[in-house]
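Each chain is listed here by its residues.
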Amino acid sequence: MHDTTGQHDDIGADIWFNWNTAGAATDPAGPAPDVPAHPARPGALTGVFFDETLRDGLQAPNVRNPSLDEKLALVDHMVRAGVRSADLGFPGSDPAAVQECVEVARHVAAQGHPLALGYAGRTHPADIHAIGEIAQRAQVPVEAYVFIGVSPIRQYVEDWDIATIQRHVREAALTCRHEGAEFVLVLEDAVRCTPEVLGRVYDAAIEAGAARLTLCDTVGAAVPAGTRALLRWSRAYFADRGHPVGFEWHGHNDRGLALANSLTALAEGCERVHGTILGIGERAGNASLDQLIVNSHLDGHGCYDLDALRAYAAYASDVLGVGIPQNYPALGRDVFKTSAGVHASAILKAHRKGNVLVKDMVYSAVPAGLLGREQEVLVDEASGTNNVKYWLTVHGYDSENPTYLKKVLARAKASRGPLTDEQIRQIIATAE
């Protein structure tokens, strides 16, 4: 173990800023006066989720890089699920990436997909030129998500000063206009950036005429209170200067809070919130796009095809080589299964009332039917009589037959796992 105590005493405590504890100082009484919590900006974007699967998602350790055909299929899946904007790659990485991005853009246009095409790049002119090349070759509008690190720790590591960052922002905006790409300023590590530095970067964004700005929780450091404080302070900063800006949020999951932070960003009026299918991404991953969609749909903040979302996740899991945990929210193998007797009793009573939604909701917050699934009551060593009755009921047997109930339950109590349908049928056959 290496002793790092005191190695960087000269750096000081201000190498990063903590918006998580700054909320009380910057936002003591809620939203700033005269700044609405949910601003309506002229020309505001439609479709709040920005799919980063084919950009940030592919940076996940050990993820399989899909073929072009598989990428096109992933795009088809995301559109069917209701996604309306996406980051479709980093064309500045090499000429092959440019060609692939062009092919994806042409596919989107040929299919008539209602999908806004975003591409990532540094503030370097070569990266922005590569994005502009897609627009020219595919004859489609593109959005340049141009990123630069702004936190004090990034400045320290990169040997940047604020003037350098400001210059890169202004030059990137000019290059985007020259290339015919819409400029979206992406501020890496914004959640650890001081208000003083952010203000000066925002001044450069205003000078450059930026209309959209993405705040990034690049290392997953934020908590919801910090997300709220940063967004409210930022919105007020632009409002005070009479320069309306559409905010976007890009979050990572290092502290397990990416979903909570992203939902907070939505509640704070962000026009787009970024995520990846199954939350894939480097380190602990990005905000989970599928969980964002499920929550938005259930809360009435959008209408999505959750069955198509399940198909998207299943396909992505297969082609990217990423397993879906059995208890993964909404999509895991076991999330609509129960073996508890009390739960089985309630589900059985709901089933007998003949209302599928009631049956779906009596012991679940996510209706299985929306995802093309059904409630499943297992019969195992933890089960009671009602588990067996439910199985008998849904499979067309006499649920009150005492012999069936006794023999099936006895076998279940002696088993080391749930009985299969075939095993239960064999038990019933021998009992007749």
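Residues numbered from 1 in each chain as written. Predicted model: local features only at pLDDT ≥ 70, side-chain atom pairs only at ≥ 80, totals over all residues. Heavy atoms only, no water.

Draft legend 1. Representation of the sheet that holds strand β2 (residues 85-87) in the model. What the eight strands build is a closed barrel, ordered β1-β2-β3-β4-β5-β6-β7-β8; its pairing is parallel. Pairwise comparison of adjacent strand axes, ignoring direction, gives a mean angle of 25° for this sheet. For strand β4 (residues 142-149) and strand β5 (residues 182-188), the ladder comprises seven bridges, and the chain directions are parallel. Note on β5: the bridge partner recorded for Tyr145 is Val184. Across the sheet, helix α6 (residues 162-179) is in contact with β4 and β5; its angle to β4 comes to roughly 170°. (Pairing = 2+ DSSP bridges. Helix = DSSP H or I, 4+ residues; strand = E, 2+ residues; numbered from the N terminus. Axes fitted to C-alpha atoms, helices over the stretch in contact; angles between N-to-C directions. Contact = heavy atoms within 4.5 Å.)

Draft legend 2. A look at a nonpolar patch on the surface. Nonpolar side chains collect at one region of the surface, where Val342, Val362 and Tyr363 lie side by side and expose about 270 Å² of accessible area between them. Position of Val342 among the secondary structure elements: in helix α12 (residues 341-352). With relative accessibility at 60%, the residue Val342 sits in the exposed group. (Patch = residues over 30% accessible without salt bridge, like charges linked within 9 Å, V, L, I, M, F, W, Y side chains within 5 Å. Areas by Shrake-Rupley, 256 points an atom, 1.4 Å probe, with all protein chains shown as cover. Salt bridge = Lys/Arg side-chain N within 4 Å of Asp/Glu carboxyl O. Buried < 20%, exposed > 50% of the residue type's maximum accessible area, 1.4 Å probe, protein only.)

Draft legend 3. Representation of helix α14 (residues 385-394). Those residues of α14 lying buried are Asn387, Val388, Lys389, Tyr390, Trp391 and Leu392. Buried-residue contacts for α14 involve β9 (337-338), α12, α13 (356-361), β10 (376-377), α15 (402-414) and α16 (421-431). Phi turns positive, to about 80°, at Gly396, one or two residues after α14.

Draft legend 4. Local environment of the packing of aromatic side chains. Within the structure shown, the criterion is met by 11 aromatic pairs. Aromatic pair Phe49 and Tyr304: ring centres 5.9 Å apart, planes at 45°, arrangement tilted. On the criterion of sequence distance, the pair formed by Phe49 in strand β1 (residues 49-51) and Tyr304 in the loop between α10 (289-298) and α11 (306-320) is long-range, its members being 255 residues apart. Since its relative accessible area comes to 13%, Tyr304 is described here as buried. (Phe/Tyr/Trp six-rings, centres within 6.5 Å; stacked < 30°, edge-to-face > 60°.)

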